[in-house]
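Listed below are the residues making up each chain.
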Amino acid sequence: MVISMIIPISVPFPKDWGRGDSTHSYLLKRELTVLIDAGLDSSDNRTYIRRTLKELDGLNIDYILVTHGHLDHFGLAGYLQRETGAEILVHELDATALKDYTKAISWYDEVYDYAVEGGYEPQELEKIRSKLLIAIEMMRTPDFFKPFRELTLDLGGYTLRSLSLPGHTPGSVGYAFGESVFSGDVAIEGSTVVGEFRQEMNSLQKLKSFKNIFAGHRKTPLTITDIESLETHFINRLEQVLRTVRSGMKLREVVNSIYGEMPEESFVRNIIPIRQTLSYLKYLEEEGYVVKKGPLWISVKESL
Ligand SMILES: [Zn+2]
């Protein structure tokens, strides 16, 4: 496997997203040219990606493969499709996001119900919802895309295969290419947002059979050691949550004790810890470590 045929392109987050973060896209060049993920849509990013791809490959893309249905991964795909005619492919379980992103935030409604019961004010949650919807307005929907359950692409002597990696989102996939895998947000150095905890842990296990794990943000490629650190981080978090709810706690108190009081201005900073804490609690409940009585979560076992 020639690693130099993998060209990483970091697409910055627009300034109004507040942080100096970026999404890693990857260009694979063989007989066919594939772009894995596309970054957030903004006029600056359109100029940037257009110029970068033109320099690298004369703005020629056959496929845009989306690792999962989050805006910072497929936002620019619609624009690039119009510029290049590339076909956009995404796992069927995350395809709704590309059609109508407002429907892809159904997780929000579930979090909302638990959050209101757990001590959050409906008004503050509504504020977060409206910020999510503003973020959705920034993106341009792709003209057409193809959902798949499993994908195999022959890039001229090299085969690229999809690998189901649910947990961050239900339709998260990696694209496996020899000893390398492009894994989106399933693993990010330090931590990642978890929708479903058990699935996430299984997916991390799968990643460990690859030598180069090309992540969607921050450090890339990740190594097996990085994945093991991530697993340890999650297990420590579970232990922490379990200790925290020893004598019974509402969701809001659990979130505050894990993440501290959250500033009001950032929707990401507010909703993600609530969602993340809930995914830990639900997993602990399913495994018989925690019970929920009314609004209170209470541990029934000392440790994992
Ligand atoms: Zn994501």
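Here we summarise the structure given alongside this text. Sequence positions are assigned chain by chain, starting from 1 and proceeding in written order. Thresholds applied to this predicted model are a pLDDT of at least 70 for local features of residues and 80 or more for the giving and counting of side-chain atom pairs; totals over whole chains, interfaces and linings are not thresholded and use all residues. Side-chain numbers come from the whole structure's heavy atoms, not from hydrogens or water.

**Considerations on the sheet that holds strand β6 (residues 146–148)**
Okay, step 1: For two strands to be treated as a pair, DSSP must find at least two bridges joining them. Numbering of helices and strands starts at the N terminus; helices are DSSP runs of H or I of at least 4 residues and strands are runs of E of at least 2. With respect to topology, six strands assemble into an open sheet ordered β1-β2-β3-β4-β5-β6, the strand pairing being mixed. Unpaired on one side and paired on the other, β1 (6–12) and β6 mark the two borders of the sheet. Each strand axis lies, on average, 25 degrees off the axis of its neighbour in the sheet, ignoring direction.
Okay, step 2: The contact definition used throughout considers only heavy atoms, calling two residues in contact when any of these lie within 4.5 Å. Inter-axis angles, ranging from 0 to 180 degrees, are taken between N-to-C directions of lines fitted to C-alpha atoms, where helices are fitted over the stretch in contact. Against the sheet, helix α1 (residues 43–57) contacts β1, β2 (22–29) and β3 (33–36), and its axis sits at roughly 165 degrees relative to β1.
Okay, step 3: On the sheet, helix α3 (residues 77–84) packs against β3, β4 (63–65) and β5 (87–91) and is oriented at approximately 150 degrees with respect to β5.

**Let's talk about the side chain of K282**
Okay, step 1: Structurally, K282 is set in helix α11 (residues 267–286).
Okay, step 2: Residue K282 is classed as buried on the basis of its relative accessible area of 18%.
Okay, step 3: Setting aside its immediate chain neighbours within four residues, K282 contacts E110, Y114 and W297. Partly exposed describes any residue whose relative accessible area lies between the buried limit of under 20% and the exposed limit of over 50%, with all areas from a 1.4 Å probe on protein chains only and scaled to the type maximum.

**Some points on the sheet that holds strand β14 (residues 296–299)**
Sheets are built from strands paired through backbone hydrogen bonds, the pairs being either parallel or antiparallel.
Okay, step 1: Strand order in this open sheet of three strands is β12-β14-β13, and the pairing throughout is antiparallel. On the outer flanks of this sheet lie β12 (249–250) and β13 (290–293), each paired with one strand and no other.
Okay, step 2: Sheet analysis places β12 next to β14, joined by two bridges and oriented antiparallel. By the bridge assignment for β14, K250 is matched with L296.

**Looking at the nonpolar core**
Okay, step 1: Here, nonpolar core means buried Ala, Val, Leu, Ile, Met, Phe, Trp, Tyr and Cys residues that are tied together by side-chain atoms lying within 4.5 Å of each other. The biggest cluster of nonpolar side chains holds 74 residues, and the ones touching the most others in it are L35, L53, L80, L204 and L207.
Okay, step 2: Residue contributions to this core peak at seven residues, all from α11.
Okay, step 3: Where a domain begins and ends is set by an automatic assignment or by a domain database. Shared between two domains, this core takes at least three residues from each, and those domains are domain 1 (3–100 + 141–233) and domain 2 (109–134 + 245–298).
Okay, step 4: Apart from the residues within four sequence positions on either side, L80 is in contact with L35, A38, I49, L53, I61, I64 and G85.
Okay, step 5: Judged by nonpolar contacts, the second largest core, of 19 residues, contains I36, L65, F148 and V173.

**A short note on the packing of aromatic side chains**
Okay, step 1: Whether two aromatic rings pair depends on their centres lying within 6.5 Å, for rings of Phe, Tyr and Trp, where Trp uses its six-membered ring; planes under 30 degrees apart make the pair stacked, over 60 edge-to-face, and the rest tilted. With the rule as written, the count across this model stands at 13 aromatic pairs.
Okay, step 2: Centre to centre, the rings of Y26 and F182 are 5.1 Å apart; their planes meet at 50 degrees, and the pair counts as tilted. Of this pair, Y26 sits in strand β2 while F182 sits in strand β10 (residues 180–184), and the two are 156 residues apart along the sequence. A single burial state applies to Y26 and to F182, both of which are buried.
Okay, step 3: Arranged with centres 5.8 Å apart and planes meeting at 50 degrees, the rings of Y158 and F177 form a pair that is tilted. Highlighted residues: Y158 in the loop between β7 (152–154) and β8 (159–164) and F177 in strand β9 (residues 173–177), separated in sequence by 19 residues.
Okay, step 4: Definition used: whenever NZ (Lys) or CZ (Arg) falls within 6 Å of the ring centre and also within 35 degrees of the ring normal, the charge is taken to sit over that ring. Over the face of the ring belonging to W107 we find R275, whose NZ or CZ atom lies 4.3 Å from the ring centre.
Okay, step 5: For K292, the ring lying beneath its charged end belongs to W297, and the centroid distance is 5.7 Å.

Limitation: the analysis is restricted to geometry and does not speak to function.
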